[in-house]
Amino acid sequence: MTFPLVPRPRRGPSEHRLARYGWSATDPPRQAVLFINPRSGDGAASRARIAERARDRGIEVVILEPAQSLPECVDEAVRQGADALGMAGGDGSLAVVAAAAAAHGVPFICVPAGTRNHFALDLGVDRQDAAGALDAFTDGVERRIDLAEVNGRAFVNNVSLGIYGEAVRDPSYRAAKMRTLVETAERVGGPGARTPALRLVDDVGQQHAQLAIVLVSNNPYVLGPPVLGTRPSLDSGLLGIVILDAPDSRRHPPGRAWSAPDFEVFAPAPVHAGIDGEPVVLSAPLEFAIRPAALRVRISSRHPGASPSARIRPARPPGSTSPAVRQAELE
């Protein structure tokens, strides 16, 4: 079914201001579909009345039931002619819909209705304005960003292995992430404890076989203050890789960070991992790759259009990465 989208007047930053981050004006889609996970963020979409406000804009809404398959719902929407796909939910759900949008060449809209909404932050969506994010359908600006994958599965933020991969499996992780992570670190990474059997070769050819943490991200994170943990770019064409050796590995410095277009992690058995915060088991070897400019994204023209780390640093041309982000030794 085709829904006439209701245009909204432009009220946000000028197109010139957003253009410095690579955004440009675009026409509204003819047949947009928004998927909503009502359980994400403890009901964030319901509190913000996302479904009702989306319908007011002429957007078709699909509210997911517990037994429904999100990939199947997205595929059906595309078969019915959807030319823009949105997701209101957590980062794991966003990745599913983003992968489908990339596969079909249609734009993707992120509505921040999860718990922490890390992808929205780095994309430049105002996480406190979930309802306003819907303006991306009717008054949006568009650009292309990278999409990362591991063993063919797409992710928008990161894949965590080792301590993080074990912590995500814990049922208490979502309710108390930091406490669970610390407890898992003590159990998995403490002196004398057995760490997951992961092996890799870093960017300078050094082998690592006693690893406590491996974090592979869709574009590198800033690793220092004042914007630790955000990504200044989502179009560098590079994975960000951060590793930390186990305490008893006797390596100094014990950690390293670098970037690369592809990357492999080896293991003697399937590996527990967290993909955008969702627990999964991956077959070894784990093959990571970046897909440059694979995803068309749209945001509201009223939203910032860049992550905090991009907004406090000089704008760089697409495809470039700060040397401080590209490679660092972690003391």
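Shown above is the structure to which this text applies.
These figures come from a predicted structure and were not determined experimentally.

Caption draft 1: Main features of the nonpolar core. One finds L34, F35, I50, L85, F108 and L123 to be the most contacted residues of the largest nonpolar core, which totals 63 residues. Leaving out residues up to four positions away in the same chain, L123 has contacts with W23, C110, I145, L234, V297, I299, G305 and A306. By size, the runner-up hydrophobic cluster in this structure holds 26 residues, among which are V150, I241, I243 and W258.

Caption draft 2: Fine view of the packing of helix α4 (residues 70-79) against helix α5 (residues 91-104). Packing of α4 against α5 brings their axes to within 10 Å, and their N-to-C directions diverge by 30°. For the pair α4 and α5, the crossing hand works out as right-handed. Contact residues: L70, P71, V74, D75 and V78 in α4; S93, V96, V97, A100 and H104 in α5. Residue composition of the contact of α4 with α5, by class: 7 nonpolar, 2 polar and 1 charged.

Caption draft 3: Structural detail: α5. Here α5 spans 20 Å end to end across 14 residues, near enough to the 20 Å set by a 1.5 Å rise per residue. For α5, a buried count of 10 out of 14 residues is recorded, marking the element as mostly surrounded by other parts of the structure. Residues of α5 that are buried: D91, G92, S93, L94, A95, V97, A98, A100, A101 and A102. Following α5 by one or two positions, G105 has its phi on the positive side, about 70°.

Caption draft 4: Quick look at the pairing of strand β16 (residues 278-282). One ladder, built from 5 bridges, connects strand β15 (residues 271-275) with β16; its direction is antiparallel. Bridge pairing links I275 to E278 in β16.

Caption draft 5: The arrangement of the side chain of R143 in detail. The residue R143 is located in strand β6 (residues 140-150) in this model. Given a relative accessible area of 14%, R143 falls into the buried group. Separated by 2.7 Å, the side chains of R143 and D235 make a polar contact. Apart from the residues lying within four places of it in its own chain, the contact partners of R143 are Y21, G22, W23, D235, L295, R296 and V297.

Caption draft 6: Representation of unusual backbone geometry in the model. The linkage connecting A284 with the following residue, P285, adopts the cis geometry, with an omega of -5°. In this structure, P285 sits in the loop between β16 and β17 (286-300). In this structure, N151 takes a positive phi of about 50° despite not being glycine. When you line up the elements, N151 lands in the loop between β6 and β7 (153-155).

Caption draft 7: Structural view of the side chain of E142. Of note, E142 is situated in strand β6. Among the residues examined, E142 registers a relative accessible area of 13% and is labelled buried. Looking at E142, its side chain comes within polar contact range of the side chain of R296, at 2.8 Å. Aside from chain neighbours lying at most four places away, what touches E142 is G22, W23, S24, T26, P107, R296, V297 and R298.

Parameters at a glance
Residues numbered from 1 in each chain as written. Predicted model: local features only at pLDDT ≥ 70, side-chain atom pairs only at ≥ 80, totals over all residues. Heavy atoms only, no water. Core = buried A, V, L, I, M, F, W, Y, C linked by side-chain atoms within 4.5 Å. Buried < 20%, exposed > 50% of the residue type's maximum accessible area, 1.4 Å probe, protein only. Contact = heavy atoms within 4.5 Å. Axes fitted to C-alpha atoms, helices over the stretch in contact; angles between N-to-C directions. Helix = DSSP H or I, 4+ residues; strand = E, 2+ residues; numbered from the N terminus. Left-handed = near helix turned anticlockwise from the far one by under 90°. Nonpolar A, V, L, I, M, F, W, Y, C, P; charged D, E, K, R; others polar. Expected span 1.5 Å × (residues − 1). Pairing = 2+ DSSP bridges. Polar contact = N/O pair within 3.5 Å; in protein donor to acceptor, adjacent residues only side chain to side chain.

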